[in-house]
Amino acid sequence: MKESFRHFEQNKKVDLIGLGNAIVDIIVNIEDEFLEINNLDKGSMNLINSDESQSLLKKCKVIKQISGGSSANTVVCLAELGNHVQFIGRVKNDQFGNFFSDDIKKSKTIFNTPPTIEGAPTAHSIILITPDAQRTMCTYLGASIEFEPKDIDFSKLKESKYLYLEGYLWDSELAKNAFLKAAQIAKQSNTKIILSLSDSFCIDRHRESFLELINDYVDIVFCNEAEVLSLFKKDKLANCQGDLSSLCELVVVTLGGNGSLIINKNAIEVIKSITKGKIIDTTGAGDIYAGGFIHGLIKNYPLKKCGEIGSICAGQIITELGSRSNIDYKELIKET
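Numbering of residues starts from 1 in every chain and runs along the sequence as written. The predicted nature of this model means local features are confined to residues of pLDDT at least 70 and side-chain atom pairs, given and counted, to a pLDDT of 80 or more, with totals for whole chains, interfaces and linings taken over all residues. In computing side-chain values, all of the structure's heavy atoms are included and hydrogens and water are not.

Enquirer: Just checking my understanding: could you explain the overall build of the protein for this structure?
Expert: Strands here are runs of E lasting at least two residues and helices are runs of H or I lasting at least four, both read from the DSSP assignment and numbered beginning at the N terminus. Along the protein, the regular secondary structure elements total twelve helices and 13 strands. Throughout, radius of gyration means the C-alpha value; the globule benchmark is 2.2 Å times the number of residues raised to the power 0.38. Relative to a compact globule of 336 residues, whose C-alpha radius of gyration would be 20 Å, the protein shows 18 Å and is just as compact. With the C-alpha coordinates of the protein rotated into their principal frame, the extents come out at 55 × 40 × 40 Å. Under the scheme applied here, a residue whose accessible area is under 20% of the maximum for its type counts as buried, over 50% as exposed, and between as partly exposed, the area being computed with a 1.4 Å probe on protein chains only. Within the protein, the proportion of its 336 residues that are buried is 60%. If you take every contact in the protein between residues at least 6 apart in sequence, the share linking residues at least 24 apart comes to 75%. Accessible surface, the protein as shown: approximately 14,200 Å² in total, 47% of it carbon and sulfur. Taking the 38 positively charged and 44 negatively charged side chains of the protein as two groups, their mean positions are separated by 5 Å. Any two residues whose heavy atoms approach within 4.5 Å are treated as being in contact. Note that accessible areas follow from Shrake-Rupley with a 1.4 Å probe, and for residues the cover is restricted to the protein chains shown. The charge count treats Lys and Arg as positive and Asp and Glu as negative. His and the chain ends do not count. To locate a charge, take atom NZ for lysine, CZ for arginine, CG for aspartate or CD for glutamate.

The structure is reproduced here in structure tokens:
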């Protein structure tokens with residue numbers, strides 16, 4: 001693959017800053033019947049209110065809690081790979097907020113966003129895992145909806161090589177404003193901007209404004225096959241090649257068990273999936289793949305090697321429950 005991807009400026013102090021919903025992930029095992037009874041589409045992300053959250057939790061047995069959210073998962077993976085990274089997200093000074101702050105800092109991720117005293121409670125997501133390892137999310141966005149420009153120290157963005165943004169933030173007008181201001185400052189500061197498209201239903205809601213955002217600001221897009229089809233309103237990935245090649249500088253498409261595609265202008269690299277054992281839970285697999293891939297970018301590795309590192313990290317996380325690994329990622333990728 002001919003490399004034409006331009007890497008970041010070497011003199012920046014921070015490797016990456018991630019903006020996103022600060023969410024406590026609540027992991028629950030269920031049977032398929034539970035989804036049918038509660039009218040939930042398998043694999044979807046559903047926005048729920050506080051009452052619906054409490055009702056669902058009463059019907060479930062909680063197995064594990066993790067400081068989650070799409071961007072946070074990627075940032076934590078990068079921290080565990082030894083990078084100097086920071087996460088910015090809004091939490092309230094409550095039980096979930098305190099848990100999120102303490103938990104994310106265990107990975108050496110910098111998290112300095114002061115908790116709010118007023119407003120909605122800290123966000124949380126009930127992640128329903130079916131026996132086939134698919135995850136269906138029911139998310140109460142809470143304080144995340146109120147994420148706004150004043151929650152961000154914009155001076156820090158200028159010091160970062162990469163700014164990582166999650167598409168889920170687009171569901172809130174306040175967060176969208178913060179997102180856009182961050183993108184503007186990053187672009188002025190020669191900070192490369194990465195967008196994770198997050199969810200095909202999210203794209204359905206905001207397709208045109210996502211395309212505009214990518215055109216105006218974004219250097220790198222991470223997405224999966226369903227998100228690509230939603231973005232371009234096509235029925236087959238093969239019909240999207242021209243659209244993907246012209247979308248931005250670098251597009252990475254994850255394909256689950258079929259690996260991933262790295263699209264750098266008209267050059268395409270196919271990366272095989274790597275599974276490290278029995279698949280238990282696919283929660284956060286795309287986020288962790290992005291973390292591994294971006295680690296390679298930070299190290300100035302060839303794009304193929306970036307993809308292989310992403311595959312190794314994602315292949316490990318799907319053998320564990322939740323989006324935090326018990327295995328040292330640095331040891332895991334040593335042989336790549």
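That covers the picture; the talk isn't over yet.
Enquirer: Can you help me understand the pattern of salt bridges in this one?
Expert: If the charged atoms of two oppositely charged side chains come close together, the side chains can form a pair. Salt bridges are defined as contacts in which a side-chain nitrogen from Lys or Arg sits within 4 Å of a carboxyl oxygen from Asp or Glu. Under the counting rule described, the total for this entry stands at twelve salt bridges. Of the charged contacts, one joins Lys42 and Asp32 as a salt bridge, the two residues approaching to 3.2 Å between their closest N and O atoms. A residue pair is termed long-range when its members are at least 10 positions apart, and Lys42 in the loop between α1 (32–37) and β3 (45–47) and Asp32 in helix α1 qualify at ten residues. Residue classification places Asp32 among the partly exposed positions, given a relative accessible area of 34%. Between Arg90 and Glu148 there is a salt bridge, and its shortest N-O distance comes to 3.6 Å. Within this pair, whereas Arg90 is found in the loop between β5 (85–88) and α4 (95–105), its partner Glu148 is found in the loop between β7 (135–140) and α5 (154–157), the two being separated by 58 residues in sequence. When its relative accessible area of 8% is taken as the criterion, Arg90 is described as buried. A cluster of three or more residues bridged by salt bridges with shared partners is formed by Arg90, Glu146, Glu148, Lys150 and Asp151.

Enquirer: I keep staring at the side chain of Ser230 and nothing clicks. Help me out?
Expert: In this structure, Ser230 sits in helix α8 (residues 225–232). For Ser230, a relative accessible area of 8% corresponds to the buried category. In this structure Ser230 touches Ser200, Ile203, Asp204 and Arg207, once residues within four positions along its chain are discounted.

Enquirer: I'm lost on helix α7 (residues 200–217) in this one. Help?
Expert: Residues that lie three or four places apart on an α-helix share one face, since the helix turns once every 3.6 residues. Here a helix's expected span is defined as the number of its residues, less one, multiplied by 1.5 Å. The end-to-end C-alpha distance of α7 is 21 Å, clearly below the 26 Å that 18 residues give at a rise of 1.5 Å each. Here the bend at a residue means the angle between the axes of two seven-residue stretches, the one that ends at it and the one that starts at it. At His206, α7 shows its largest bend, some 90 degrees. Within α7 the residues assigned to the buried category are Ser200, Cys202, Ile203, His206, Arg207, Phe210, Leu213, Ile214 and Tyr217. Looking at the packing, one finds that the buried side of α7 touches α6 (173–188), β9 (192–196), β10 (220–224), α8 and α9 (241–247).

Enquirer: Even after reading the chapter, I still don't get the sheet that holds β3, so can you show me in this structure?
Expert: Paired through backbone hydrogen bonds, the strands of a sheet run either parallel or antiparallel to each other. For two strands to pair, DSSP has to find at least two bridges joining them. One open sheet holds the five strands; their spatial order is β3-β7-β6-β2-β4, and the pairing between them is mixed. In this open sheet, the two strands that pair with only one neighbour each are β3 and β4 (62–68). Between one strand axis and the next, the sheet turns by 20 degrees as a mean value, whatever way the strands run. Where strand β2 (residues 23–29) and strand β6 (residues 123–129) come together, seven bridges link them in parallel fashion. Bridging across to β6, Val28 finds its partner in Leu128. Where α4 meets the sheet, its contacts fall on β2, β4 and β6, and the angle it forms with β4 comes to roughly 70 degrees. In this analysis an axis means a line fitted to C-alpha atoms, helices contributing only their contacting stretch, and an angle means the value between N-to-C directions, from 0 to 180 degrees.

Enquirer: What is the right way to read the pairing of strand β13 (residues 267–271) from this model?
Expert: Regular strands place side chains that alternate from one sheet face to the opposite one. Sheet analysis places strand β12 (residues 260–264) next to β13, joined by five bridges and oriented antiparallel. Looking at β13, one finds that Ser260 is bridged to Ile271.

Enquirer: Any chance you could explain the sheet that holds β5 here in plain terms?
Expert: Overall, mixed pairing links the eight strands, which are arranged β5-β1-β8-β9-β10-β11-β12-β13 in an open sheet. Where the open sheet ends on each side, the last strands, each with one partner, are β5 and β13. Taken over all neighbouring pairs, the strand axes of this sheet differ in orientation by 15 degrees on average, direction set aside. Strands β1 (14–19), β8 (160–166), β9, β10, β11 (250–254) and β12 of the sheet are contacted by helix α10 (residues 285–298), whose axis makes an angle of about 155 degrees with β10.

What is shown is where atoms sit, not what they do.
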